[in-house]
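Overview (structure and organization)
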Amino acid sequence: MATPNNEKPIIVAFTLDFETGGLNCQDCACTQIAIHAVRIDIFETIDRYVKYIYPYNQQPDKGVSKRKVLKSKFDKDDEVPMKYEEKALTYSAITMDMLESLGVDIKVVASEVIEFIRKNTLSKGLNKKPFLIGQNIGFDIGFMQQLMEYGGQMKEFAKLMRGATDFYGHFQPLYIDTIVLGQLALSHLEDMTSYKLEIMAEKFGIELDDAHDADADVTATTNVAMVCTKRMRNACGIDGDGMVMAKTEKSRIHFKI
């Protein structure tokens, strides 16, 4: 329930991670999404959404320019499959069989994500809208845009999230990258040559199980943001002890062989 106008606003951030069928968001598929709703005053995870996404086809009319090629009358643009590269699937330990048996239609996922954001936005107002947090989140933003475009929810996404329209007329959500937070907090250390999630988690004393599972990565990413925020508040003489580290939950239901 949203807070009344005369009460202290409760700002919510959505920590996000995708597993995908490759690196290119224009033609590689989303395979798994995990998104947690986090109150940033106390860094409490108040809700979470995790889904595998059923295999789907490319939709070339969704704002991605493509080279024109001659087609016969039997060819259909919407039957060009998205890419599911073997290297990417191995990296995340997700198989096509899993996506076909456990996955949900991308339009349903997009609709559910919108409802998840809507119900977990606790305060009204332009600067009280939620924003995104992620590890190397620039990568995930492209796949979130694909999810919303393919699911027909981009307009609703733009209404709900904090952000702005860019030069090309596309909505860009506001986000914080935990890599940058880690660089601000740890770059003075002589042995910091990488800011991978597992390395930062070790430096901050954060447990990380099931690395490269979207839900486990989101929990660790939230905790990285929490530790950096707590240090900042303590440095400013503001007590940050009300925060509680989110528990790492072993969510993987499949195992590498």
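Up top is the structure these notes are about.
This write-up is about the structure you can find in this document. Keep in mind it's a predicted model, so treat the numbers as computed, not measured.

Our next topic: the overall build of the protein. Of the regular secondary structure elements, the protein holds 8 helices and 7 strands. Contacts in the protein between residues at least 24 apart in sequence constitute 69% of all its contacts with a sequence separation of at least 6. As displayed, the protein has an accessible area near 14200 Å², and 54% of this comes from carbon and sulfur atoms.

What follows deals with unusual backbone geometry. Phi angles above zero are rare outside glycine, and Ala93 is one such case at about 60°. With respect to the helices, strands and loops of the structure, Ala93 is situated in the loop between helix H1 (86–92) and helix H2 (96–102). Judged by its relative accessible area of 12%, Ala93 is buried. Located in the positive-phi region is Asn136, a residue other than glycine, with phi close to 55°. As for its placement among the helices and strands, Asn136 is situated in the loop between strand E4 (131–134) and helix H4 (137–150). We classify Asn136 as partly exposed; its relative accessible area is 40%.

On to the packing of aromatic side chains. Enumeration over the complete set of coordinates arrives at 7 aromatic pairs. Aromatic side chains Phe139 and Phe143 sit 4.9 Å apart centroid to centroid with 50° between the ring planes, which places their arrangement in the tilted category. Within this pair, Phe139 and its partner Phe143 are both found in helix H4, separated by 4 residues, close to a single helical turn. Since its relative accessible area comes to 26%, Phe139 is described here as partly exposed. Taking relative accessible area as the criterion, Phe143 reaches 0% and is therefore assigned buried. Pairing Phe167 with Tyr168 gives two aromatic rings, centres 5.3 Å apart and planes at 85°, and the pair type is edge-to-face.

Mapping Leu174 onto the fold places it in the loop between strand E6 (171–173) and strand E7 (175–177). Distance from Leu174 to Lys129, taken between C-alpha atoms, is 9.9 Å for residues 45 residues apart in sequence. Ignoring any residue separated from it by four or fewer positions in sequence, one finds Leu174 in contact with Phe131, Leu132, Arg162 and Gly163.

Rules used throughout
Residues numbered from 1 in each chain as written. Predicted model: local features only at pLDDT ≥ 70, side-chain atom pairs only at ≥ 80, totals over all residues. Heavy atoms only, no water. Helix = DSSP H or I, 4+ residues; strand = E, 2+ residues; numbered from the N terminus. Contact = heavy atoms within 4.5 Å. Areas by Shrake-Rupley, 256 points an atom, 1.4 Å probe, with all protein chains shown as cover. Buried < 20%, exposed > 50% of the residue type's maximum accessible area, 1.4 Å probe, protein only. Phe/Tyr/Trp six-rings, centres within 6.5 Å; stacked < 30°, edge-to-face > 60°.

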